[in-house]
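Fold and geometry: a report
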Amino acid sequence: MNKSIIITGGGGGVGRATARHFLANGWHVGLVGRRADALEETADKHDHALIIPCDVTDEAQVNRAFNDAYEAWGHLDVLFNNAGVSLAGAPIDEVSVSDWRNLFDTNVNGSFISARAAFGIMRKQSPQGGRIINNGSVSAHVPRWGSAPYTASKHAITGLTRSISLDGRRFNIACGQIDIGNALTDMARKMTKGVPQADGSIAVESVMDVSHVASSVLHMAELPLEANVQFMTVMATDMPFIGRG
């Protein structure tokens, strides 16, 4: 039987690359995102792709989307909790409260709402269990300059991952986190042109192909539920991370 995964933020970047990798490996893939046209581009008319547009910050939309996927497949094996946004770098006093709240609504509230929906399905389905993989970031460990909202949101994801791991034990639900650094997507393309460093300089940073993220998520997803990658960091080898420069 084909395994099934829901991928939030499936309309581009890491979500798109990961979805296409899972489809190529025979999985049923539910594509969640705000824009149906972007999800359709990701699916590329693949028979095993299920397009389920929704806003991850809206509880009712998420519940409906996840239930639609469950009804289509009869079982949910994995959630890749990937949807997220970022902000341009700025000192904290230059970050608007509204921008902070909007970022947290997607990165933290959206992740909670999606994990909550998946956990509820996995807990009740037969056979019971499943896996939730949260998309963290190297910013879940150390910040970039001017990244207070994003860094705080990714630290929150680490707390969510640990809590779900503990809560899931009774229900055979595993939870892990992939922390990504400088995968070459549209969001990271600026790294190749120069970005601010901690000392005030502007420097080009190393990047890696996003396919390495997709293959890493597949590795995590394909483990038997008796095994779990709790935290994985996959990053461009020479990027600033340890100490962040």
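These remarks concern the structure in this document. (Residues numbered from 1 in each chain as written. Predicted model: local features only at pLDDT ≥ 70, side-chain atom pairs only at ≥ 80, totals over all residues. Heavy atoms only, no water.)

Looking now at the nonpolar core. Membership of the largest hydrophobic core comes to 34 residues, with the highest contact counts inside it found for V29, I178 and V213. Of all elements in the fold, only strand 1 (4-8), helix 1 (13-24), strand 2 (28-32), helix 2 (36-43), strand 4 (78-81), strand 6 (173-181), helix 6 (211-222) and strand 11 (231-235) reach the threshold of two or more residues within this core. Excluding anything up to four places from it in sequence, V213 contacts V14, I178, I180, A183, M208 and V234. Listed in part, the 27 residues of the second largest apolar core include V56, F66, L79 and M122. (Core = buried A, V, L, I, M, F, W, Y, C linked by side-chain atoms within 4.5 Å. Buried < 20%, exposed > 50% of the residue type's maximum accessible area, 1.4 Å probe, protein only. Helix = DSSP H or I, 4+ residues; strand = E, 2+ residues; numbered from the N terminus. Contact = heavy atoms within 4.5 Å.)

Along the chain, the position of S147 falls in the loop between strand 5 (130-135) and helix 5 (148-168). Not counting residues within four places of it along the chain, the set of residues in contact with S147 comprises A90 and A152.

Moving on, we get to the packing of aromatic side chains. On inspection of all chains with the given rule, the structure shows three aromatic pairs. An angle of 80° between the planes, with centres 4.9 Å apart, marks the rings of F22 and W27 as edge-to-face. Looking at F22, the relative accessible area reads 0%, which means it is buried. Of the residues examined, W27 reaches a relative accessible area of 3% and is grouped as buried. (Phe/Tyr/Trp six-rings, centres within 6.5 Å; stacked < 30°, edge-to-face > 60°.)

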